[in-house]
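# Structural features, examined
As a plain string of letters, each chain reads:
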Amino acid sequence: MLHLELTRVKTKVRLDNSGYLINTTGCRIPEMYLNGPEIEKSFNPNVKLNCRTTWNYTLPLVISDLTSLRLNRSAWATLNISEGYTNFKCYYTSIERDNHQDPKEYNDNNVKIGQKIYFVNNITVPDEMVEVVCTLNSNIIYKRYHIFIRPTSSVKNRKDGDVSVLVLGLDSVSRMNFHRQMPKTSAFLSEIGTVEMLGYNKVEDNTFPNMIPVLSGMSIEELKKNCWPKYEDYFDKCHFVWDDFKKANFSTAFVEDSPIIGMFNYLKSGFLKKPTDHYLRPIMLEAEKNLGHEYFGNTICCIGPQLGMTLLFDYAFKIALSMTNHLYMNVFWTTSLTHDYIEYPKFGDNDLRDFFDKFNKSGELNKTVVILMSDHGIRWGPFRDTYQGSLEDKLPILKFIIPEWFQNMYPSAMKNLNKNTIRLTTPYDLHETLLEFINPKQLDDDSIAIRTKMTGNKRGISLFLEIPENKTCDTAGIPKNYCACHGKRVELSVGNSNVVEAAKVLMQYVNSKLSMYSLCAYLTLYEIHKASVETGKDNSSVKDYEIQVTTVPGFAKFEATLRQYNGNFKMIGSVSRLNVYGNQSICVNDAKMKLLCYCIH
């Protein structure tokens, strides 16, 4: 029996689904364990991270408010500095996007740095992004990055009944691992009250193809046909959800803390023109380049004495304060801490809890719908090799923190949202839900009643409308190999003749893909690690085999689903890579091929 907090008014729902989190006619998702010996043996309890161990610039010599920088004189005593000491100097330089408009020459990583502006007390800063440096006897003793956000004249003033929207993304965090690694944040949000979607299922492998449906309502293939035909193209022709909000005179922002592997920039060109009103990529690039340290896996965890994730939270809070009387739609995505290691989210638990505490005490939480989400769970490592690990990869965290007055204003919509916590839901549904906050009046009871009759079984349905009980992965747009809905499942011996045949078909599929890339080696099956078979309830002659294999050269570990029908095997969906490829695939730039390719050196 499982009890879950669902709303700010502490409504509770009781689940008794006989061992299933989701138990509908369309989908059954097995219940999972938060802790226990089988879970904990895949975790390393000894991992450590301290952003201050190798960083000396810890004194808060300069403080910023919403408009100005000011020297923090209380910190001077520790440096034996007195007013008028000529060998102590502070200055700031502006940081701007290099707005070169020639697509052939522009690079989204280019940053323009302004001239040094020295100050001795307080100074009002007209720039949006600045680097601040203090020196003592010509030695740098302070370097930090500050933002100053001012709403433009076109941004709508907040009125009664309006809400701002903050999407706060934690890369690679499953719903279960959020509660496991961030218990303080989990407990705090439980006290406030949230709506948590137990059946939120990813639709593709990694960040980009799971966030494009959220931000655009389209799949990657649809995006390519509609506005992004080539990988080297910019995304400026594509329509994203922040464009809808901007059209409604909301202020918009998009910020990521690992900009080099950003969702629109890793192996892609990003944007020619900034996509949102406030696009903090330039300051994040400079902060990571100049203050970044503690490089683990693919990301840099620390920016100076704090986590990169915490710097992102600071910016999110400051923008909210700057926009307190206006409406905004902001997307903040943190990758730096959580992307590579399943244990690392715990190092951000205190800071994320503190962020929500500040957001609540400031009153901003009563003006804002916060959506705490992820794109998928951890995609590699020993835990991912387990059955529960494969489920958690498919089931990222999705929580709604909604002001109580908003819930009381729209009871039918909230009733549906609560009911949908135990239905199969997807990024396509989240996209439709985000659009609701542009005009919340369409959530009143009469509108919900009318819209409910028109819902049907579309791919994307607002979570404020009831998700059909018979929704399946097929109707939801989830490929079989990413579907967490499981029927009758049986573990098989790796020597089973059907498993061996499925592995052969998998290798034929992989090598047919690789054959188009002359720098990639032909891969040979080295070992079959595990296998299972699932029988469809409507057609027992159709069987889906999930297998994990290792190939050589390179010892890549792959997982794939192959469907057997009338004795023949066929690949379903794409191949997942369960270990890090590193520099093995440095010779190719295609994101999917990087998962498969072992470069011939």
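The model shown is predicted, which means the values in this text are computed figures rather than measured ones.

Let us now look at the overall build of the protein chain. Counting secondary structure elements, the protein chain contains 17 helices and 27 strands. The C-alpha atoms of the protein chain give 25 Å as radius of gyration, which agrees with the globular expectation for 601 residues (25 Å, within 12%). If you line up the protein chain on its principal axes, its C-alpha atoms span 85 × 65 × 50 Å. A sequence separation of at least 24 residues applies to 73% of the contacts in the protein chain between residues at least 6 apart. Roughly 25000 Å² of accessible area belongs to the protein chain as shown, and the carbon and sulfur atoms make up 50% of that amount.

Let us now look at the pairing of strand 24 (residues 524-535). For strand 23 (residues 488-492) and strand 24, the ladder comprises five bridges, and the chain directions are antiparallel. From the neighbouring strand, E491 faces strand 24, where its bridge partner is S532. With 10 bridges connecting them, strand 24 and strand 25 (residues 542-552) associate as antiparallel partners. The residue of strand 25 that forms the bridge with A531 is I547.

The subject of this paragraph is the pairing of strand 27 (residues 568-577). In terms of residue burial, strand 27 counts as a mostly covered element, since seven of its 10 residues are buried. The pairing of strand 26 (residues 556-565) with strand 27 spans seven bridges and is classified as antiparallel. Paired with Y565 across the bridge in strand 27 is N568. The hairpin turn running from strand 26 into strand 27, its antiparallel successor, is two residues long, and N566 in that turn takes a positive phi close to 55°.

A separate point is the side chain of R423. For R423, the location among the structural elements is in the loop between helix 12 (411-419) and helix 13 (427-436). Within the local environment of R423, its side chain forms a polar contact with the backbone oxygen of I467, the two atoms lying 2.5 Å apart. Every residue in contact with R423, bar those within four places of it in the chain, is listed here: I22, T24, G199, E466, I467, P468 and E469.

It is worth spelling out the state of the cysteines at this point. All chains considered together, the criterion is met by seven disulfides. Through a disulfide, C27 is tied to C485; the S-S separation comes to 2.0 Å. When the S-S torsion is -90°, as for the bridge of C27 with C485, the disulfide is left-handed. You can see C27 sitting in the loop between strand 3 (20-23) and strand 4 (28-30) and its partner C485 sitting in the loop between helix 15 (473-476) and strand 23, a full 458 residues away along the chain. Between the sulfur of C587 and that of C599 lies a disulfide, 2.0 Å long from S to S. Its S-S torsion of about -95° marks the bond between C587 and C599 as left-handed, since a negative value means left-handed. Linking C587 in the loop between strand 27 and helix 17 (591-596) with C599 in the segment after helix 17, this pair joins segments that are 12 residues apart in sequence. A relative accessible area of 28% means that C587 is categorised as partly exposed. Its sulfur unpaired, C301 is 5.9 Å from the next cysteine sulfur, which belongs to C302. Here C301 falls in the buried class, since its relative accessible area comes to 1%.

On to helix 4 (residues 207-216), then. Since one α-helical turn is 3.6 residues long, residues separated by three or four positions face the same way. Here helix 4 lies mainly inside the structure; 10 of its 10 residues are buried. Of all the residues in helix 4, the buried ones are T207, F208, P209, N210, M211, I212, P213, V214, L215 and S216. Considering only its buried residues, helix 4 is in contact with helix 5 (220-226), helix 6 (241-247), strand 20 (328-334), strand 21 (368-373) and helix 13. In the segment just after helix 4, G217 is the residue with positive phi, at about 80°.

Turning our eyes to something else, we now look at the packing of aromatic side chains. Within this structure, the stated rule accounts for 33 aromatic pairs. Centroid distance Y91 to Y118: 5.2 Å. Interplanar angle 55°. Geometry classified as tilted. Placement of the pair is Y91 in strand 7 (residues 88-97) and Y118 in strand 9 (residues 117-119), with a sequence separation of 27 residues. Here the aromatic rings of F245 and F250 are separated by 5.0 Å at their centres, their planes lie at 85°, and the arrangement is edge-to-face. Overall, the relative accessible area of 2% leaves F250 in the buried class. These aromatic residues form a ring-pair network of at least three members: F208, W228, Y231, F235, F240, W242, F254, F264, F271 and Y279.

Here we have seven strands laid out as an open sheet, ordered 14-22-21-13-20-15-16, and mixed in their pairing. The open sheet has two edge strands with one neighbour each: strand 14 (195-196) and strand 16 (278-279). Each of strand 13 (164-170), strand 20, strand 21 and strand 22 (398-401) is contacted by helix 9 (residues 349-361), which is oriented at about 175° to strand 13, the strand it contacts most.

General note: in soluble globular proteins, nonpolar side chains tend to be found buried as a group. With 54 residues, the main nonpolar core has F264, I371, M373 and F400 as its most contacted residues. The element contributing the most residues to this core is helix 4, with five residues. Beyond its immediate stretch of four places on either side in the chain, F400 contacts T194, V195, M197, V370, I371, L417, L430, T433 and L463. If you look at the next biggest cluster of nonpolar residues, it comprises 51 residues, including L49, I147, M182 and A320.

What follows concerns the domain arrangement of the protein chain. Parsing the protein chain into structural domains produces domain 1 (20-44 + 152-482), domain 2 (62-147) and domain 3 (489-599). Taking only C-alpha atoms, the centre of domain 1 and the centre of domain 2 are 32 Å apart. Taken together, the 29 residues of domain 1 in the interface contact 23 residues of domain 2. Here domain 1 packs against domain 2, burying approximately 2200 Å² in sum over the two surfaces, 61% of which is carbon and sulfur. On the domain 1 side of the contact with domain 2, L272, I283 and K318 bury the most area, a combined 27% of that side's loss. Connecting domain 1 to domain 2 are one salt bridge. The residue D108 makes a salt bridge to R281 at a minimum N-O spacing of 4.0 Å. Here domain 1 and domain 2 share 15 residue pairs in polar contact (both at pLDDT 80 or more) between them. The element best represented in the side of domain 1 that touches domain 2 is helix 7 (residues 281-291), accounting for eight residues. Residues of the side of domain 1 that touches domain 2, tallied by class, amount to 16 nonpolar, seven polar and six charged.

So, on to the sheet that holds strand 5 (residues 62-64). Strands sit in the order 5-6-10 across an open sheet of three strands; the sheet is antiparallel. Pairing within the sheet leaves two strands with one partner each, and these edge strands are strand 5 and strand 10 (122-124). Within the sheet, the average angular offset between the axes of one strand and its neighbour, ignoring direction, is 20°. In the sheet, strand 5 pairs with strand 6 (residues 68-71) via three bridges, with the strands oriented antiparallel. Bridge assignment links V62 to a residue of strand 6, and that residue is L71.

Rules used in this analysis
Residues numbered from 1 in each chain as written. Predicted model: local features only at pLDDT ≥ 70, side-chain atom pairs only at ≥ 80, totals over all residues. Heavy atoms only, no water. Helix = DSSP H or I, 4+ residues; strand = E, 2+ residues; numbered from the N terminus. Rg over C-alpha atoms; globule rule 2.2 N^0.38 Å. Contact = heavy atoms within 4.5 Å. Areas by Shrake-Rupley, 256 points an atom, 1.4 Å probe, with all protein chains shown as cover. Pairing = 2+ DSSP bridges. Buried < 20%, exposed > 50% of the residue type's maximum accessible area, 1.4 Å probe, protein only. Polar contact = N/O pair within 3.5 Å; in protein donor to acceptor, adjacent residues only side chain to side chain. Disulfide = S-S within 2.5 Å. Phe/Tyr/Trp six-rings, centres within 6.5 Å; stacked < 30°, edge-to-face > 60°. Axes fitted to C-alpha atoms, helices over the stretch in contact; angles between N-to-C directions. Core = buried A, V, L, I, M, F, W, Y, C linked by side-chain atoms within 4.5 Å. Domains from an automatic or database assignment. Buried area = accessible area lost by both parts, 1.4 Å probe. Salt bridge = Lys/Arg side-chain N within 4 Å of Asp/Glu carboxyl O. Nonpolar A, V, L, I, M, F, W, Y, C, P; charged D, E, K, R; others polar.

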